[in-house]
Amino acid sequence: MAKKTKPVLSSGDAKAATKKAAARRSAGVKLMRPAPPAEPAPVPGEPTQKQVEAWQSLPQEQKLALREREAARIFNLAVEHHQKGDLDAAIEAYGKSLLLNPKVPDVYNNMGAALRAQGKWEAAIACYRRCLVLRPNHAGVYSNMGNAFRDLGRLQLSVASHQQAVKLDPKNPEAYYNLGLALRDLGNPSQALAAFETTLRLKPDHPECRWDRSLTLLSMGDMRRGFAEYEWRWKLDRSPPRALDKPLWDGTPQKGKTLLIHQEQGIGDMIQFARYIPLVKERVSTVIVETQPELARLISTVSGADKVINRGSALPKFDLYIPMMSLPRIFATTPETIPTGIPYLSPPEEQSVQLPVSLDHQRQIGIAWAGRPTHQNDKNRSCAFSHFIELLGIPGVSMFSLQKGRNEGDIKSNGCTALVVDMAPRLNDFSDTAALINQLDLVITVDTSVAHLAGALGKPVWVVIPFAPDWRWGYETTASPWYPSMRLFRQQRPGSWEQVFNDVRKALRADLGMAPPKPVRLN
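Description of the structure in this document.

Criteria and cut-off values
Residues numbered from 1 in each chain as written. Predicted model: local features only at pLDDT ≥ 70, side-chain atom pairs only at ≥ 80, totals over all residues. Heavy atoms only, no water. Helix = DSSP H or I, 4+ residues; strand = E, 2+ residues; numbered from the N terminus. Buried < 20%, exposed > 50% of the residue type's maximum accessible area, 1.4 Å probe, protein only. Contact = heavy atoms within 4.5 Å. Areas by Shrake-Rupley, 256 points an atom, 1.4 Å probe, with all protein chains shown as cover. Salt bridge = Lys/Arg side-chain N within 4 Å of Asp/Glu carboxyl O. Polar contact = N/O pair within 3.5 Å; in protein donor to acceptor, adjacent residues only side chain to side chain. Phe/Tyr/Trp six-rings, centres within 6.5 Å; stacked < 30°, edge-to-face > 60°. Lys NZ or Arg CZ within 6 Å of the ring centre and 35° of its normal. Pairing = 2+ DSSP bridges. Axes fitted to C-alpha atoms, helices over the stretch in contact; angles between N-to-C directions. Core = buried A, V, L, I, M, F, W, Y, C linked by side-chain atoms within 4.5 Å.

1. Quick notes on the overall build of the protein
A tally of regular secondary structure across the protein gives 22 helices and 10 strands. Counting over 523 residues, the protein shows a buried share of 51%. Within the protein, contacts between residues separated by at least 24 positions form 65% of all contacts whose residues are at least 6 apart in sequence. Entry remark: accessible area of the protein is about 25,200 Å², with carbon and sulfur atoms responsible for 52%.

This is the structure we're talking about:
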């Protein structure tokens with residue numbers, strides 16, 4: 001559930017430095033300008049000998065004034081680059097400003113914000129620490145540093161930084177909001193909710209906080225309140241509502257009417273909530289489902305889907321509409337009332353993908369190790385293919401890769417082409433993937449669309465999830481109320497995939513009826 005947080009940028013010290021330099025001039029310091037060179041400098045951009053001599057002849061106080069004035073000018077230029085999104089130019093300019101005047105705390109703060117935006121979190125934290133040396137009680141810098149610690153998965157330090165920000169600025173809603181995010185990631189959802197409540201008391205119309213409060217409520221199993229608050233997603237800048245000229249469906253029976261269920265969010269979300277389509281069909285006459293093109297054939301197998309269209313194509317006539325992710329709210333979902341008529345999806349009748357015939361009746365297992373790279377939490381939920389390699393040494397299993405996208409080449413680059421059958425070239429859409437999964441004995445995957453597909457098909461699926469899980473997996477439990485055939489393997493500390501795969505390896509050996517391996521003694 002990692003989340004982008006806005007940094008606190010500042011520009012005041014640049015103006016202050018400019019005023020300070022002006023004060024020195026007004027106090028009687030004469031500014032000398034070096035005479036222009038008689039001929040062009042040999043190297044463009046480098047001072048001539050005469051300019052160097054002129055600079056060296058200046059009094060120390062005048063040199064300092066000129067350096068501060070130039071540092072302030074470059075700092076203002078860096079802020080302009082930063083605000084335009086040109087982070088490389090901003091970081092370069094911040095660095096030049098610091099070379100001229102290393103005692104301006106806001107330069108370190110802003111450079112830290114730019115570095116964090118580039119994913120250079122350790123460097124960002126170093127900048128924030130330098131800023132705090134110069135300005136020890138800056139709440140905004142503590143908050144920025146807490147966000148960078150959270151990016152790194154150093155959650156205890158993140159919480160401590162945000163607590164300090166709250167202490168220094170107890171009336172700032174953003175300080176409590178950032179603290180709530182860190183507490184939730186640390187596995188303290190109740191404390192996170194308390195922080196969010198304080199944010200909303202200080203700033204009731206805070207869409208991001210409302211949204212994160214909904215995710216926290218859902219992760220705690222409070223689905224009625226969670227899905228009601230989930231509607232705040234439409235207030236977020238990144239997810240404006242669709243501009244459709246028909247009424248939004250409120251869930252009341254509308255016989256004789258056609259309802260459009262429009263696509264939103266990711267493929268896994270569409271698979272998970274397709275379970276509501278049969279319930280929708282009971283209340284309206286015709287159901288049109290809009291989805292991603294690679295899901296269209298698969299969604300057409302769901303009972304109640306009268307017509308399936310691709311996102312981006314022209315919409316047919318309809319009377320009412322509802323976003324797919326609003327259906328749990330419409331049906332007042334609780335953990336006890338989640339529709340569990342599984343499987344609610346099915347592969348095509350003519351299997352487009354066939355597994356190779358196993359001559360020795362080995363356990364056939366599908367694997368996937370990476371999700372969509374543009375997902376905001378992909379750095380936490382995806383793992384390296386190398387973690388799966390130890391599973392390949394277990395006898396009695398055949399491994400088949402379900403991985404698509406840029407990580408397909410990991411099998412070859414890790415020298416495992418003889419140990420894993422790469423099925424990616426045969427998987428043209430999720431209907432093909434469903435046909436393949438339906439022939440497997442087990443799927444082992446990270447939290448991605450493959451996990452949802454296997455669960456919706458009712459196939460045994462083991463999902464490895466990060467320490468700070470997505471809301472739908474809750475906390476602590478190894479089971480999922482959404483998919484009865486699913487088993488969850490959780491990180492015990494942030495980023496620790498080794499422990500997770502050690503648990504998976506033990507479980508797989510036990511599932512195969514194998515004794516634990518004997519420890520190897522080294523002489």
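Now that the structure has been shown, the text picks up again.
2. Concerning the pattern of salt bridges
Scanning the model with the defined rule gives 24 salt bridges in all. Put simply, R154 and E122 hold a salt bridge, and the shortest N to O gap is 3.5 Å. One end of the pair, R154, is in the loop between helix 7 (139-152) and helix 8 (155-168); the other, E122, is in helix 6 (residues 121-134), and 32 residues separate them in sequence. R154 sits in the partly exposed class, given a relative accessible area of 33%. Note that D470 is salt-bridged to R472, the shortest N-O span being 2.5 Å. You can call D470 buried: its relative accessible area is 16%. Among the residues examined, R472 registers a relative accessible area of 9% and is labelled buried. What emerges from the salt-bridge pattern is a single network uniting E197, R210, R213 and E229.

3. A closer look at helix 20 (residues 430-437)
Counting buried positions along helix 20 yields eight of eight residues, so the element is predominantly enclosed. Along helix 20, the residues that are buried comprise F430, S431, D432, T433, A434, A435, L436 and I437. Against the buried residues of helix 20 lie helix 13 (267-273), helix 15 (296-299), strand 8 (442-446) and helix 21 (449-456). Here helix 20 starts with a cap whose side-chain oxygen sits 3.1 Å from the backbone nitrogen of S431, and that cap is D429.

4. With respect to the packing of aromatic side chains
The description of two aromatic rings rests on the distance between their centres and on the angle between their planes. Scanning the model with the defined rule gives 16 aromatic pairs in all. Between the aromatic rings of F227 and W471, the centroid separation amounts to 5.8 Å while the plane-to-plane angle is 90°, which identifies the pairing as edge-to-face. Taken as a pair, F227 in helix 12 (residues 223-229) and W471 in the loop between strand 9 (461-465) and strand 10 (486-490) lie far apart in primary sequence, 244 residues in all. For F227, a relative accessible area of 2% corresponds to the buried category. Pairwise contacts between aromatic rings join W211, F227, Y230, W249, F273, Y276, F331, W471 and W482 into one cluster. We note R275 situated over the ring of Y483; from NZ or CZ to the ring centre the distance is 5.0 Å. When the ring centre of W462 is taken as origin, the NZ or CZ atom of R487, which lies over that ring, is 5.4 Å away.

5. Side note on the sheet that holds strand 3 (residues 307-310)
Strand order across the open sheet formed by four strands is 3-2-1-4, with parallel pairing between neighbours. Each edge of the open sheet is held by one strand with a lone partner, namely strand 3 and strand 4 (320-323). If you compare each strand with its neighbour and ignore which way they point, the axes differ by 25° on average.

6. Brief notes about the nonpolar core
In this structure, W249, I261, I277 and L345 are the most contacted members of the largest nonpolar core, which totals 64 residues. In terms of residue count, helix 21 provides more of this core than any other element does, five residues in total. If you look at the next biggest cluster of nonpolar residues, it comprises 46 residues, including V104, Y176, L186 and C209.

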